[in-house]
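Chain by chain, the residues:
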Number of protein chains: 2
Amino acid sequence: MQTLHIQLENRSYPIYIGEGLLSQIKLIEPHLKQKHVAIVTNTTVAPLYLDPLLTLLKEHGIKAFPIILPDGESYKNQETLNLIYDVLLKEKCERTVTLIALGGGVIGDMTGYAAATYLRGVPFIQIPTTLLSQVDSSVGGKTGINHPMGKNMIGAFYQPQCVIADIDTLKTLPQREFSAGMAEVIKYGLIRDEAFFNWLEKNIEGLIKLNPSLLIEAIQRSCQNKADVVEMDEHESGVRATLNLGHTFGHAIENAMGYGVWLHGEAVATGMVMAAHLSKLMGWVKDNEFNRIVKLLKEAKLPIDPPKITEDQYMALMSMDKKVVDGKIRLVLQKGIGDSVITSDYDSKHLKTTLQNSNFSV
Amino acid sequence: MQTLHIQLENRSYPIYIGEGLLSQIKLIEPHLKQKHVAIVTNTTVAPLYLDPLLTLLKEHGIKAFPIILPDGESYKNQETLNLIYDVLLKEKCERTVTLIALGGGVIGDMTGYAAATYLRGVPFIQIPTTLLSQVDSSVGGKTGINHPMGKNMIGAFYQPQCVIADIDTLKTLPQREFSAGMAEVIKYGLIRDEAFFNWLEKNIEGLIKLNPSLLIEAIQRSCQNKADVVEMDEHESGVRATLNLGHTFGHAIENAMGYGVWLHGEAVATGMVMAAHLSKLMGWVKDNEFNRIVKLLKEAKLPIDPPKITEDQYMALMSMDKKVVDGKIRLVLQKGIGDSVITSDYDSKHLKTTLQNSNFSV
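Residues numbered from 1 in each chain as written. Chains lettered and ligands numbered in written order. Predicted model: local features only at pLDDT ≥ 70, side-chain atom pairs only at ≥ 80, totals over all residues. Heavy atoms only, no water.

Defined as follows: UniProt positions are given in the numbering used here, feature names are shortened, and annotations may be inferred rather than shown by experiment.
The name given to chain A in an unreviewed UniProt entry is 3-dehydroquinate synthase, and the organism recorded there is Candidatus Methylopumilus planktonicus. Taken verbatim from the UniProt record of chain A, the Function (unreviewed entry) comment is "Catalyzes the conversion of 3-deoxy-D-arabino-heptulosonate 7-phosphate (DAHP) to dehydroquinate (DHQ)." Within the UniProt record for chain A, the comment given under Sequence similarities (unreviewed entry) is "Belongs to the sugar phosphate cyclases superfamily. Dehydroquinate synthase family."

And the structure:
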C-alpha cells in the first residue's frame, strides 16, 4: 500500500492506494468522530461492495446504514442530494456522523457536498471505486451537483478525512469507464509531467491489463501531480485551472450530447485532442508531439474525434463554462508535452478551425 | 462610525457600524473583485433601500441587478435558494460577481449560503437591516436554509467580505422586530458580559427610543462579544455553543407554533427565561438575578411566557435540535448573570418543572 499525504491550508489527509484495502478497518476507524456512519453509494456499486463494508463496520461496533442512490451523472442533482439529507435527518444524524462515499465521481461529489452542508459540515471519507475518481476527485476537495443550466454549478470546497483507493475495485469496472479514467491519468502527464507521460507510453498495455503495481504507480503519480497543483492553489484562482485541460471542450461535448451519453473522461480525452490541435495550429506543439498524444489516447481506447457539434453551439456552450473571465473564453492549451498554459491569447481563426475539424486521426 | 475587525482562522473582515452608511460607496467598492454585483433582498426591504443602493452602485460604474425574494422565515428554503441560483446563472454571473445581502437574518443566511455554494464560492457583503441581523448573523459566518424537518439543517460556514450595519435602517423596523433583536443583545450580557448587562439595564429606555449613540454602542459591544466567542471556536465545537442560550427552548417554540408565528428573538427571549428558571431551580441563579433578567426582557417589550406546549412535545422538538450529543439534550444554562455553561448535568425533574411552567412573571 502507498500512502500519500495531502497538505492543504488548514489540515492534511492521507490517500491510501493499494490492494485489499476495503477489508482493513484500521484505514477507516481512526478517522471517525464517533462510531456512526452513513454509507452513500449507488445501485451499481452496492451489490458489489456494500455488504462486506457494512459487515466490517458492524464487526467493529460501528453503527452504519446505507443510502443507495440511482446510478448516473443525470442524478447528480438537487433532488438526489435531498434524498441524502432526508435520510440523514430521519436517522437523526448529528454532527458526529461520518459520511462514507462508496462509488465513483458522482457519488464522491454528491456525498462530499452533502457532508459540506449537512448541519453546516460533517466529516466524510471517500472510497472511490472507479479509476477516474481515484485519480481525480480524491484530491482537491471539489464537491457539488449539477444545475439544469450547467455542470457543477452548485458546490463547495470541502476536504475528506481520508481517501481509500482500493485497486481491486477496478476489476469490476467496465473497460469503457476504465479508459475514461485513463484520460485523466494521461492529462497529468500532458499538463506538467513529461516523464510520467513517457512512462505511460511505455506501460499503457500493462495498465489496460490491470497490472497491480503499474496501477498503483499510475494512481500515486496522478494524485501526487494533482496534489502539487492544488497545494499551490487551493481555490482555483490560478495554476489549478490547468487541471481543466480538455474540460472546456469536453463539457461542451457532454452538455451538447446530454449528460451521461459520453463519459466525462471520454469527453475530456477528445477535448485534450482539440486543445492539442489548437496548440499545434498556434505553433506551440510539434506535429510529432500531437501525434504521440493522439496515439496514447487511442491506445488507452479513448475517442479522439468529437461528435457533430456546430461551431456556434460550441461557442455558446463553452462560454457557459465557469472558466470565463470578463466574457472571454480562456482555454488550457499545451506548450509541448508536460507543459500547459491558461490563456485567451490564441488566434480565434485557429479555434474556429479546431472546432470545425471532426477527424483528428493521425 | 465604528469599525470592528473580525479575525478568523484565515482572514479578517470589517464590520462598519454607524449612521448614513448606505450612501458611502467607499464601504462597498474596495471589497468587490470586479464591478459586478447581485443584490439579494426581499419584498419588504426593496421598496425602502434597494433603489438608492442601485443608484449609488451605478453612479460608480458598478453593474448591479436585484434578486427580490418573498419575505419571511417560511421562504428560507431550497425553493427560494434555487431562485437565487437561477438568476445568477441566467445573468451568466462568474466567480468574480459579489452578492450583497440587503435585509434581515433570512436574507443574510440565504445569500451567504448561495455565495458559499454558487460555483463553489463567490464573495458576498452583508448589509443587515434589522437589529437582530446586525448583532447576530453579521458575525460568525453561519449561513444556510431550513429543511422541512428542522431549522438551519442545511448550510455552510462562510465569511463575508464586510458587514455594513447602518442604524438608520432601524427607523423603519417594526417595534416587535426591534425587540426581537434586543433579545440577542441582552443574551450577550447574560452569557459572558455582566458589565454590558448592567449597562443595558441602565439604557434600555434610550435604546427603545433609538438613541443613535446608544444603539451604536449596543451593536458594537454585541458584535465584539460574539466575535470573541467565535474567534475562540470557529466551528462550534465548544464554547461557541453558549451563544445558543435560550435557543434550544426557543427553536422548540418556533417549531411548535409554525415558523414565523413567533419571531426568532421572541422565542429566544422566552427560551432565556426558561433557561434562567431551570438554572434558578438548580441553585445556579439567585432569585433577584432571575427577577432582573425577567424585568429587562419585559422592558425590552419581549414575551417571557411560552405558548401552550406539552412537555412531551418540548422533549421531541428539543431532541431534534442539533446541539444533541449522543442523544442527550445539552442545554446552555446560567451561572449567575454574565456567566453561562453548556451542560447535560442538570436534574431532569427540574427541567420538567420548567417545561410545565407557563407563567414566569415576577
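Don't stop here, the text continues.
1. Observations concerning the pairing of strand β6 (residues 124-128) of chain B
All names here are of chain B. Threshold: Exposure is judged per residue with a 1.4 Å probe applied to protein chains only, and the accessible area is read against the type maximum: over 50% gives exposed, under 20% gives buried, and values in between give partly exposed. Each helix is a run of DSSP H or I of at least 4 residues and each strand a run of E of at least 2, with the numbering of both proceeding from the N terminus. By this definition, two strands are paired if DSSP reports at least two bridges between them. Handedness of a crossover is defined as follows: with both strands directed away from the viewer, a clockwise route from the first strand across the helix to the second makes it right-handed.
Most of β6 is tucked away: five of the five residues are buried. Along β6, one buried face is formed by Phe124, Gln126 and Pro128 and the opposite face, lined by Ile125 and Ile127, is buried too. By the bridge criterion, five bridges tie strand β5 (residues 98-103) to β6 in an arrangement that is parallel. The partner of Leu102 across the bridge, within β6, is Ile127. Of the crossover connections in this fold, the one passing from β5 over helix α3 (residues 105-117) to the parallel β6 is right-handed. Alignment of β6 against strand β9 (residues 162-166), held across two bridges, turns out to be parallel. Residue pairing across strands places Ile125 opposite Cys162, the latter belonging to β9.

2. Description of the packing of helix α8 (residues 247-257) of chain A against helix α11 (residues 311-320) of chain A
Residue and element names in this part refer to chain A. Put simply, the test is: Simply put, an axis is a line fit to the C-alpha atoms, just over the touching stretch for a helix, and the angle between two N-to-C directions goes from 0 to 180 degrees. Roughly parallel covers angles under 35 degrees, roughly antiparallel covers those over 145, roughly perpendicular covers 65 to 115, and oblique covers all other angles. For this analysis, residues touch if any pair of their heavy atoms sits within 4.5 Å. Residue type decides the class: Asp, Glu, Lys and Arg count as charged, Ala, Val, Leu, Ile, Met, Phe, Trp, Tyr, Cys and Pro as nonpolar, and the leftover types, Gly among them, as polar.
For the pair α8 and α11, interaxial distance at closest approach is 9 Å and the crossing angle is 110°. Classified by the interaxial angle, the pair formed by α8 and α11 is roughly perpendicular. Two secondary-structure elements touch here, α8 through Thr248, Phe249, Ala252, Ile253, Asn255 and Ala256 and α11 through Gln313, Tyr314, Leu317 and Met318. Residues that form the contact of α8 with α11 fall into these classes: seven nonpolar, three polar and no charged.

3. A few points about the layout of surface pockets
Residue and element names in this part refer to chain A. Stated precisely, the cut-off is as follows: Think of a 1 Å grid over the protein atoms and nothing else: a 1.4 Å probe that fits but is trapped marks a cavity, an open set flanked by protein within 12 Å on at least five of seven lines marks a pocket, and residues with an atom within 4 Å of a point count as lining. Grid points are joined across faces, edges and corners, and a volume is the space filled by probe spheres set on the points. Where each domain starts and ends follows an automatic or database-derived domain assignment.
Each pocket or cavity is described by its volume, and for the second largest pocket that value is around 1,000 Å³. Forming the walls of the second largest pocket are 50 residues, and the residues nearest its centre are Glu73, Gly105, Val106, Leu132 and His264. Put simply, the parts of the chain that give the lining of the second largest pocket at least two residues each are α1 (46-59), α3 (105-117), α4 (131-135), β8 (150-157), α5 (175-192), α8 and α9 (264-281). Take the lining of the second largest pocket: its biggest share by element is four residues, from α3. Two domains share the lining of the second largest pocket, each providing at least three of its residues, namely domain 1 (2-172) and domain 2 (176-356).

4. Remarks on the pattern of salt bridges
Here is the rule we go by: Every case where a carboxyl oxygen of Asp or Glu lies within 4 Å of a side-chain nitrogen of Lys or Arg is listed as a salt bridge.
Using the criterion set out here, one finds 26 salt bridges over all chains in the structure. Between Arg192(B) and Asp228(B) there is a salt bridge whose closest N-O contact spans 3.6 Å. With Arg192(B) in helix α5 (residues 175-192) and Asp228(B) in helix α7 (residues 212-232), this pair connects stretches of sequence that are 36 residues apart. Residue classification places Asp228(B) among the partly exposed positions, given a relative accessible area of 28%. Glu217(B) is the partner of Arg221(B) in a salt bridge, and the nearest nitrogen-oxygen pair spans 3.0 Å. Of this pair, Arg221(B) and Glu217(B) both sit in helix α7, four residues apart, which is roughly one turn of that helix. Where salt bridges share partners, they join Glu73(A), Lys151(A) and Glu254(A) into one cluster.

5. Things to note about unusual backbone geometry
Residue and element names in this part refer to chain B. Phi at Leu210 takes a positive value of approximately 65°, unusual for a residue other than glycine. Accessibility expressed as a relative area gives 28% for Leu210, which makes it partly exposed. For Lys301, which is not glycine, the phi dihedral falls at a positive 60°. Checked against the element boundaries, Lys301 lands in the loop between α10 (287-299) and α11 (311-320).

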